[in-house]
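A look at the structure
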Amino acid sequence: MGFLGDGYLLDSEAAEALYADIESLPIVDPHTHADLAEIVANDGWDDIWEVEGATDHYVWTMMRKQGIPERKITGDASNKEKWLALASEFPNFAGNPSYEWIHLDLQRRFGIEKPISESTAEEIWAETKAQLATDSMRPQQLLSEMNVEVFCTTDDPTSNLELHERAERSVDVRPTWRLDRALHIGRDSWYEFVDQLERATGTDTGSFSGFLEALEETHDYFDAHGCRASDLSLEQIVTRPVGRRRARDIYRKTLEGRNLAERDVNDFQAFLIETVGRLNAEKDWVTQLHLGAVRDYRDRLYDTVGADAGGDVSTQSIELADNLAYFLNEFDGETEIVLYTVDPTHYPTITTIARAFPNVSVGPAWWFNDSPYGIEKQLKYAGSVDLLANHAGMVSDSRKLLSYGSRFEMFRRTLANVVGEMVERERLPMAHAEHLVEYLAYERPKSLYGFE
């Protein structure tokens, strides 16, 4: 048996043929956490830890589970110490998608086929370090090698997008208007956002009308820089009709430093989410909603390392159908909406919503579900209840540039296998199967997000 060879994730001749059709298609990535400064500078990396471990909280979490001390994960140990610690436990990561992603990176980008382990760690460190010193391993060259055609960064509305103006135009780099801080009214980050929004736009945010005017100004600015989507992430979304006067009173109350009730927070968020929907509908943007992630659940980790360190979890205990109903009906047919849920128990709700609303799409298998198992289950369910052709496709959702190729390969192989199984069971003719996988792997996201 091979390892990550031609038959990786492909269980039939039909699947192999379908994957051959889509393997080399350009990558269209509507949602990344790319470090655009790293890409624009194009300086590259010094070692394999920088490439595979330094920014990846998936890797950090698994290292902690295996008892590796924090000093060798996010602490002051050298990069080589961290890599050797990771490699020593890497065989125990089997079954987790990161085990396959990192090995795919080694095979596809570095040509290194030896499995990662304590015995191979030094050799892989030396081989990759030598290759990373070459021009062919710089970020812009790798994006070209991986055939990345479009990717979208994740950007705060206060960003001046200066890096997007400098970005290499051989790849179509688009910003995404990420509104999270504006929604978290009453938190320290919200007050910081309001101040930064005023500085970014020159508009007085001391009044609610000024705040809304400044937000709209950033929306216009992002649109002029090629933005095609907004994004927001909430553990629990609430949408309902809330009047401007009510939202203004909550805004004023917050600036005065008074405490907010839960109803105040929910009403303000509902007003702002509807405002975003209207702005997006006017400009034909996609509205992306990431729902259900419980952030910073592990207190000790947050206190010692901070946010985005691997301490987030999912929950079944959110309400979607009732809480999305107002927004979905208000913007029925008005703006494309993509729903991401971190807990797979919510797939029946969002998939039946997508079935009911032609302008709603099931988003890619997100976060804990971004694995061969999770992708397969989601594609099969979405295809049996809604239309597989209506699925939003794939996003890397990655902070690691090398992962773009590996994550899209995993998705495309899984997609080919799911559709290939339909062919093998005589549910689908090969000609229709070929069209379906080619559409989902490339044309669907490009059309959905309006990338020209």
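What comes next is a walk through the structure. (Residues numbered from 1 in each chain as written. Predicted model: local features only at pLDDT ≥ 70, side-chain atom pairs only at ≥ 80, totals over all residues. Heavy atoms only, no water.)

**Notes on the packing of helix α18 (residues 372-385) against helix α19 (residues 403-424)**
In the contact formed by α18 and α19, the axes pass within 9 Å of each other and the chain directions differ by 45 degrees. By the angle between their directions, the pair α18 and α19 is classed as oblique. Relative to α19, the crossing made by α18 is right-handed. Residues Pro372, Ile375, Glu376, Leu379 and Lys380 of α18 form the contact with α19, whose participating residues are Met410, Phe411, Thr414, Leu415, Val418 and Glu421. Looking at side-chain class alone, the contact of α18 with α19 contains seven nonpolar, one polar and three charged residues. (Axes fitted to C-alpha atoms, helices over the stretch in contact; angles between N-to-C directions. Helix = DSSP H or I, 4+ residues; strand = E, 2+ residues; numbered from the N terminus. Parallel < 35°, antiparallel > 145°, perpendicular 65-115°, else oblique. Left-handed = near helix turned anticlockwise from the far one by under 90°. Contact = heavy atoms within 4.5 Å. Nonpolar A, V, L, I, M, F, W, Y, C, P; charged D, E, K, R; others polar.)

**Concerning the pattern of salt bridges**
Two side chains carrying opposite charge are able to pair once their charged atoms lie near each other. Using the criterion set out here, one finds 34 salt bridges in the structure. For the salt bridge of Arg178 with Asp180, the shortest nitrogen-to-oxygen distance reads 3.0 Å. Exposure class is identical for Arg178 and Asp180. Each is buried. (Salt bridge = Lys/Arg side-chain N within 4 Å of Asp/Glu carboxyl O. Buried < 20%, exposed > 50% of the residue type's maximum accessible area, 1.4 Å probe, protein only.)

**Structural notes on helix α1 (residues 13-22)**
Three or four residues apart is the spacing at which side chains of an α-helix point the same way, because the helix has 3.6 residues per turn. What α1 keeps buried is the set Ala14, Ala15, Leu18, Tyr19 and Ile22. Along the long axis of α1, the arc covered by the buried residues comes to 130 degrees, so they all point the same way. Exposed side chains of α1 directed beyond 90 degrees from the buried face belong to Glu13 and Ala20. Packing partners of the buried residues in α1 comprise α19 and α20 (430-448). (Arc of directions from axis to C-beta.)

**Some words on the side chain of Thr128**
Considering the arrangement of structural elements, one finds Thr128 in helix α7 (residues 121-132). At 3.2 Å, the side chain of Thr128 forms a polar contact with the backbone oxygen of Trp125. (Polar contact = N/O pair within 3.5 Å; in protein donor to acceptor, adjacent residues only side chain to side chain.)

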